[in-house]
Amino acid sequence: ASDDSKTKTVISAEGIGKSFGDRTIIKDFTLRIQRGDRIGIVGPNGAGKTTLVNLLTGGSEPDSGSIRLGVNLEMATLDQHRESLDPRTTLAEALTGGRGDHVMVAGKPKHVVGYMEDFLFSREQMRTPLEVLSGGERGRLMLARALAKPSNLLVLDEPTNDLDLDTLDVLEDMLGDYEGTVILISHDRDFLDRVVTSVIVPEGNGKWQEYAGGYSDMLVQRGADLKREHAAAAAAAADEKKAAKPAAAPSGTPKRKLSFNEKHALETLPKTIAKLQGEIAKQQKLLDDPALYAKDRKTFDAASLALATAQAELTAAEDRWLELEMLREEIEGG
Ligand SMILES: Nc1ncnc2c1ncn2[C@@H]1O[C@H](COP(=O)(O)OP(=O)(O)OP(=O)(O)O)[C@@H](O)[C@H]1O
Ligand SMILES: [Mg+2]
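Residues numbered from 1 in each chain as written. Chains lettered and ligands numbered in written order. Predicted model: local features only at pLDDT ≥ 70, side-chain atom pairs only at ≥ 80, totals over all residues. Heavy atoms only, no water.

1. Concerning the overall build of the protein
At step 1: The secondary structure content of the protein amounts to 11 helices and 11 strands.
At step 2: Looking at the protein as a whole, 44% of its 334 residues are labelled buried.
At step 3: Long-range pairs, those at least 24 residues apart, make up 66% of the contacts in the protein with a sequence separation of at least 6.
At step 4: Surface accessibility of the protein: about 17,700 Å² in total, with carbon and sulfur atoms responsible for 51%. (Helix = DSSP H or I, 4+ residues; strand = E, 2+ residues; numbered from the N terminus. Buried < 20%, exposed > 50% of the residue type's maximum accessible area, 1.4 Å probe, protein only. Contact = heavy atoms within 4.5 Å. Areas by Shrake-Rupley, 256 points an atom, 1.4 Å probe, with all protein chains shown as cover.)

Below, the structure written as structure tokens:
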């Protein structure tokens, strides 16, 4: 079966490591990605998610270890920093590359109007120049472009950040139909739960760990793992005590408690996150009016600024929540 399994392996990373200066981002990480896997990567800002994906996809070299990419790998990427396009390009041109009226989707030509409609654009927007698109529409377009490229490996670096709920549904459907392998960096826990088959998370000091299932499964397994570690540590401690003097075994006390502030933040962050999401939707709605820029530049600028601010705050709040949630799991066990 070795031949067969070889052709199924899309990416094989063996003990890879990467540091920047004296900061170890990745240490001794081994991973095998098989054809059709949907890998989610989650973690706080600056943890090294983009770095990890660059290594895995051959964009940069690890300091140690090795990466093998499968043959005939055709990769389509949605970059975290988004590609820049000529603002005067029209929506249709951006999708077809200016070549005719068709987009290749899963190897078959599809009319650009139909494809635009799949991504919730109207046919009237065909000739809309990119410069008047709202942030949300821009995100949708970038996604449509990435998915229009022929590929068998799709790499999406935080595609969900500036997408509204309807677009997330579109993305979920598209990923469901996609036949290749997917690597998805995202902070969106619900989205990860719905689309990925395993989740990779940083666990400190350059250690990265893969867990089967979605985000929630990861939390449960992480909790169970840590519980087992605590139990083992407690048992070892008990053994030591017994050897010294026959006293009662101490119970496995976790190493620390959540502080009042942390507990409070864990309780209130979901509300903050919902509020920010509401704010983002509100500003996005304003910006969804393609005439706003020409009509009312002041409102357009204010809304753009408010949108960017809310998005940054949302990312920060989600990161903080994730961090605290992991800490809570670690302390309380699954
Ligand atoms: N080429 C580089 N040279 C030096 N430091 C780098 C380089 N690339 C990334 N870093 C640093 O490595 C760390 C990880 O960066 P990376 O972009 O991989 O994080 P990330 O998890 O993708 O973060 P974010 O959620 O903000 O996208 C950061 O502290 C970053 O500043
Ligand atoms: Mg990144």
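2. Observations regarding helix α6 (residues 165–177)
At step 1: Relative to the 18 Å expected for 13 residues at 1.5 Å per residue, α6 spans 19 Å between its end C-alpha atoms, a close match to the ideal helical length.
At step 2: Those residues of α6 lying buried are T167, L168, V170, L171 and L175. Down the axis of α6, the sector holding all buried residues measures 155°, keeping them to one side. Of the residues in α6, the exposed ones pointing more than 90 degrees away from the buried face are L165, D166, D173, G176 and D177.
At step 3: Elements in contact with the buried residues of α6: β3 (38–41), α4 (112–118), α5 (135–148), β8 (153–157), β9 (181–185) and α7 (189–195). (Expected span 1.5 Å × (residues − 1). Arc of directions from axis to C-beta.)

3. A closer look at the sheet that holds strand β4 (residues 64–69)
At step 1: The strand order β2-β1-β4 describes an open sheet built from 3 strands, whose pairing is antiparallel. The open sheet has two free edges, formed respectively by β2 (23–34) and β4, since each of these has just one partner strand. Pairwise comparison of adjacent strand axes, ignoring direction, gives a mean angle of 15° for this sheet.
At step 2: By the bridge criterion, 5 bridges tie strand β1 (residues 9–20) to β4 in an arrangement that is antiparallel. The residue of β4 that forms the bridge with S12 is R68.
At step 3: Running over the sheet, helix α2 (residues 49–56) touches β1, β2 and β4 and is turned about 130° from β1. (Pairing = 2+ DSSP bridges. Axes fitted to C-alpha atoms, helices over the stretch in contact; angles between N-to-C directions.)

4. Description of the packing of helix α9 (residues 260–287) against helix α11 (residues 297–332)
At step 1: α11 packs onto α9 with a crossing angle of 155° between their chain directions and a minimal axis gap of 8 Å. Between α9 and α11, the angle falls in the class roughly antiparallel. Considering how the two elements wind past one another, α9 and α11 form a crossing that is left-handed.
At step 2: Residue composition of the contact of α9 with α11, by class: 19 nonpolar, 5 polar and 7 charged. (Parallel < 35°, antiparallel > 145°, perpendicular 65-115°, else oblique. Left-handed = near helix turned anticlockwise from the far one by under 90°. Nonpolar A, V, L, I, M, F, W, Y, C, P; charged D, E, K, R; others polar.)

5. Considering the environment of P270
At step 1: Mapping P270 onto the fold places it in helix α9.
At step 2: Separated by 47 residues in the primary sequence, P270 and A317 have C-alpha atoms spaced 8.5 Å apart.
At step 3: If we ignore the near neighbours within four places in the chain, the residues touching P270 are A265 and W321.

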